[in-house]
Amino acid sequence: MHSKLVEETFWYGYLLSLIVLSWLTNKYESVAWMQFSALFFAFFALYVLTVLSGGRCHWRAIERARWVIAAMVLSVIWLGLQMLIPTHHQPLQAATSVLAAPTWFTPESVISITPEKTRWLLTSHIFVICLFLMSIGLLDTRLRLKQLLVVLMLIGALHAFIGINALYANIFLVDVQQLDGHFHMARGWYVNRNHFAGFLNLTLIASIAFLLKELLARRRVSFTKHLLDIVVSPRVIYLAAAALVFIAILLSQSRGALASLVLAAAAVFAIARWYEPRARLDWKFIVLAAVIVLLIVANFGADLLQRLSNEFFYIGERSAQWAITWQAIQQAVWFGYGGGSYGTVFQVFREQADLRDVVYNQSHNQYLHIWLEQGILGLLLWLSVMVLTIRHALISLRKTKSTLIAAVLLSSLVVVSAALLQAGVDFNLQLINIRSYFFVAVAIIFAAPYVRQNNLRRRRFRKSGPRKRSSEISG
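Conventions used here
- Residues numbered from 1 in each chain as written.
- Predicted model: local features only at pLDDT ≥ 70, side-chain atom pairs only at ≥ 80, totals over all residues.
- Heavy atoms only, no water.
- 1 Å grid on protein atoms, 1.4 Å probe; cavity = no way out; pocket = protein on both sides within 12 Å on 5 of 7 lines; lining within 4 Å.
- Points joined across faces, edges and corners; volume = space filled by probe spheres on them.
- Helix = DSSP H or I, 4+ residues; strand = E, 2+ residues; numbered from the N terminus.
- Nonpolar A, V, L, I, M, F, W, Y, C, P; charged D, E, K, R; others polar.
- Axes fitted to C-alpha atoms, helices over the stretch in contact; angles between N-to-C directions.
- Left-handed = near helix turned anticlockwise from the far one by under 90°.
- Contact = heavy atoms within 4.5 Å.
- Patch = residues over 30% accessible without salt bridge, like charges linked within 9 Å, V, L, I, M, F, W, Y side chains within 5 Å.
- Areas by Shrake-Rupley, 256 points an atom, 1.4 Å probe, with all protein chains shown as cover.
- Salt bridge = Lys/Arg side-chain N within 4 Å of Asp/Glu carboxyl O.
- pLDDT = per-residue confidence, 0-100.
- Buried < 20%, exposed > 50% of the residue type's maximum accessible area, 1.4 Å probe, protein only.

All right, on to the layout of surface pockets then. Counted as a void, the second largest pocket has a volume near 1,300 Å³. Looking at the lining of the second largest pocket, the elements that each hand over two or more residues are helix H8 (193-216), helix H9 (223-231), helix H10 (236-252), helix H11 (255-275), helix H12 (283-300) and helix H13 (302-311). Looking at which element gives the most residues to the lining of the second largest pocket, the answer is H12, with nine residues. Partitioned by chemical class, the residues of the lining of the second largest pocket number 34 nonpolar, two polar and two charged.

A word on the packing of helix H17 (residues 403-422) against helix H18 (residues 432-447). The contact between H17 and H18 brings their axes to 9 Å, and the two run at 145°. The way H17 lies across H18 gives a crossing that is left-handed. Contacts between H17 and H18 involve Val408, Leu409, Ser412, Val415, Val416, Ala419 and Leu420 from the former and Phe438, Ala441, Val442, Ile444 and Ile445 from the latter. In terms of residue class, the contact of H17 with H18 is built from 11 nonpolar, one polar and no charged.

Residues Val73, Leu74, Ile77, Leu81, Leu84 and Ile85 make up a contiguous nonpolar surface patch of about 500 Å² in total accessible area. Tracing the chain through its elements places Val73 in helix H4 (residues 66-82).

Regions with low pLDDT carry predicted coordinates that are not meant to be interpreted in detail. Averaged over the protein chain, the pLDDT score is 86; the fraction of residues at 70 or greater is 85%. Of all secondary-structure elements in the protein chain, the lowest mean pLDDT belongs to helix H20 (residues 471-474), at 40, while H18 reaches the highest, 98. A low-confidence stretch, residues 96-100 stays under pLDDT 50, and its non-local contacts, those more than four residues away or across chains, total seven contacts. Note that residues 456-475 has pLDDT below 50 and, in this model, 34 contacts with residues that lie over four places away or in other chains.

Moving on: empty space enclosed by the protein. Applying the stated criterion to the full structure yields two cavities of 30 Å³ or more. Of the volumes computed, that of the largest cavity is approximately 70 Å³. Along the walls of the largest cavity sit Val6, Glu7, Phe10, Tyr47, Thr50, Val51, Gly55, Arg56, Gly137, Leu138 and Arg144, which together make up its complete lining. Counting only elements with at least two residues in the lining of the largest cavity, the list comes to helix H1 (2-21), helix H2 (31-52) and helix H6 (115-138). Taken together, the residues of the lining of the largest cavity break down into five nonpolar, three polar and three charged.

The phi dihedral of Asn170 is positive, around 55°, even though this residue is not glycine. Checked against the element boundaries, Asn170 lands in the loop between helix H7 (142-168) and H8. Asn170 gets classed as exposed once you look at its relative accessible area, which sits at 52%. A positive phi angle is found at His364, which is not glycine, with a value near 60°. Within the element layout of this structure, His364 appears in the loop between helix H15 (342-349) and helix H16 (366-399). On the basis of relative accessible area, His364 is assigned to the buried category, the value being 15%.

See below:
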């Protein structure tokens, strides 16, 4: 009884931590994040001690994710080494002599020119790794998988509802002085509306999964009867939550978030259709979904459509910023300038570029950003995590006989791919709470294929015959 209570305490404590961190939209160095992460690290330490003393843990999923975990740990080690390995910064010093660096700038004698910022980034990486491990370790039954998806769906719907109402009430939930224009757009608790939309994209994993499960498990009944079976049942909440989140994304007018979601969904289902025949959806449902989406866009997406028609390929200052970023990368291709150093390095290399007189502490491109700060090694570690995750999702999709797991894998692939696409033109994954939710989606990809039935059903099945090992083979 005590063991069961402890297990449930860790599980519901984990879900509560996901709810809380969804509201922590500021930098990791903030007081709120320090307080929250201190509590979470203590909570995680207790969980590890419980597992080491024989407590419940999803070891099979952790074993499957071992190479991703190794790459994430190596990235932390590399950030630590950047603060220790000595260097003379000859490329940067040469650049500063040519580009007239600010008089206050004096590079450190180690790889990282900003060790304090590297330390903050390292600590935030450790937080994400702990959350990732806890997500995999706790997510070991189908019941818990469904509970996690419901929590994510409700979080997304709540944030979307608040963002929509704040827009129509002309209320700002963030400091207006931090905004650089774009005032009349939904942003919720985020200073950057693109981050608001990117966060909502990740929470769509739940609604997409539940709806796909219904479509993949379609019984041999007529299209109309199956549709009514969804609409007139409590499952209609999945549709309502997805519609609410989609409306909020439209009202944010984030071209990157919307385009990445559409492109990711199209790519994932195109690949899945070729890779796994069971992922071929009924064309009638596809047409119906398209009609619903068009109706929502017609009612709530007029401003976004206008932006797309006028600025579809417009990327603003990004092209100039990327050119300067690439110029800096070429001076330190292999080892970078240290985690968190982007703003300092960019200030050195920008010279007299025709840019706003503000601090550019991110590159609007996750891949260039990592390359500049952590060099080729850091970039390869990041890309290896993504490649291993997508590979595992596709392999598991082909093996599983469960419609729930197939739906979860497909929805996870959609939101992960959308986040990666948006990261090519934005810095959504550099925000700690969005990156945390991103790796929760990655954890689901590794844990979902091996979840068990709930304990009661498992005990009954033991009495009646041999137990199947996981939903990967039991369906």
